[in-house]
Amino acid sequence: MPTVARLFIGRVTGARGEQTCGDGGCLVGYVWISDLEEIIVDESYYKYHLFFCVNTRSDGGPCCGDSSAPQLRDYAKQRIGELGDAIPGNVRVNTAGCMNRCAEGPVLVIYPEAVWYRYQNRADIDEIITEHLCNGRPVSRLRI
Ligand code: FES
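A. Structural context of the overall build of the protein. Looking only at helices and strands, the protein has two helices and eight strands in total. Reading the protein from its N terminus to its C terminus gives the helix and strand order β-β-β-β-β-α-β-β-β-α. Looking at the protein as a whole, 22% of its 144 residues qualify as buried. Look at the contacts in the protein between residues 6 or more apart in sequence, and 61% of them connect residues 24 or more apart.

Next up, the structure:
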């Protein structure tokens, strides 16, 4: 059975789980290169893929859709479009249903890094776009 390394290329900062992270990325484990017969590099199709929960609930429970989530998702789409090449790589904004973090909402998550945010207004969206998407620095104060 050949030994295969599957490498994910992305930028993650800060320590998460068992990963060792620095400015340039994360070391998630290692093998001796000389032991490998094949290296597969997986690169995310989108540099940043944002999912905005806009779910509403009929049971009266907390939900992102009651907190201007659709309007702020649309604002994010507009701003990302306006910024164009100021954001390195492809960016996609998608609508999501409930992601089971209702009481923390409104929430969005950015993949492939799996960084979750709680946002309240346009200023929060602007900061996420400027700091995270343009500069590659997740916004600590909004992370959940
Ligand atoms: S309603 Fe948004 S996470 Fe559940």
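Resuming the write-up.
B. Structural view of helix H1 (residues 69-83). For H1, built from 15 residues, the straight-helix expectation of 21 Å at 1.5 Å per residue is met to within 8% by its first-to-last C-alpha distance of 21 Å. Among all positions of H1, only Ala69, Leu72, Arg73, Ala76 and Ile80 are buried. With its buried residues spanning 105 degrees around the axis, H1 presents them on a single face. Set apart from the buried face of H1 by more than 90 degrees, the exposed residues are Gln71, Gln78, Gly81 and Glu82. Of the surrounding secondary structure, the elements contacted by the buried residues of H1 are strand E5 (48-53), strand E6 (91-96) and helix H2 (122-134).

C. Summary view of the sheet that holds strand E8 (residues 115-118). The sheet built from four strands is open, its strands ordered E6-E5-E7-E8 with mixed pairing. Each edge of the open sheet carries a strand with a single partner, namely E6 and E8. Neighbour-to-neighbour, the strand axes of the sheet open up by a mean angle of 20 degrees, direction not taken into account. As paired strands, E5 and strand E7 (residues 107-111) are joined by four bridges and run antiparallel to one another. Bridge pairing in E7 places Phe51 opposite Val109. Each of E5 and E6 touches H1; the most contacted strand, E6, lies at about 170 degrees to it.

D. Region of interest: the nonpolar core. Grouped together as the largest cluster of nonpolar side chains are 23 residues, with contacts concentrated most on Leu50, Phe52, Ala76 and Leu108. Those residues within four positions of Phe52 in sequence are excluded, and the remaining contacts are Ala69, Arg73, Val93, Thr95, Ala96 and Leu108.

E. View of H2. Turning to H2, its buried residues number three or more, namely Ile125, Ile128, Ile129, His132 and Leu133. Each buried residue of H2 lies within a common arc of 110 degrees when the element is viewed along its axis, so the set occupies one face. On its buried face, H2 is in contact with E5, H1, E6, E7 and E8. Once H2 finishes, Gly136 follows within two positions and takes phi at roughly 70 degrees, a positive value.

Rules and cut-offs
- Residue numbers run consecutively from 1 along every chain, following the written order of its sequence.
- Local features in this predicted model are restricted to residues of pLDDT 70 or higher, and side-chain atom pairs are both shown and tallied only at a pLDDT of 80 or more, whereas totals for entire chains, interfaces and linings draw on every residue.
- Helix numbering and strand numbering both begin at the N terminus, where a helix is a DSSP run of H or I of at least 4 residues and a strand a DSSP run of E of at least 2.
- Buried means a residue has 20 or more other C-beta atoms within 10 Å of its own C-beta, exposed means 12 or fewer, and partly exposed covers the counts in between; C-beta atoms are placed from the backbone.
- Contacts are defined on C-beta atoms placed from the backbone: any two residues whose C-beta positions lie within 7 Å are in contact.
- Multiply 1.5 Å by the residue count of a helix minus one, and that product is the helix's expected span.
- The arc in question is the one spanned by the directions pointing from the helix axis to the C-beta atoms.
- Two strands qualify as a pair provided that DSSP identifies no fewer than 2 bridges between them.
- For every element, the axis is a line fit to its C-alpha atoms; helices are fit only across the contacting stretch, and the angle between N-to-C directions ranges from 0 to 180 degrees.
- Nonpolar core, as used here: buried Ala, Val, Leu, Ile, Met, Phe, Trp, Tyr and Cys residues forming one set through C-beta atoms within 7 Å.

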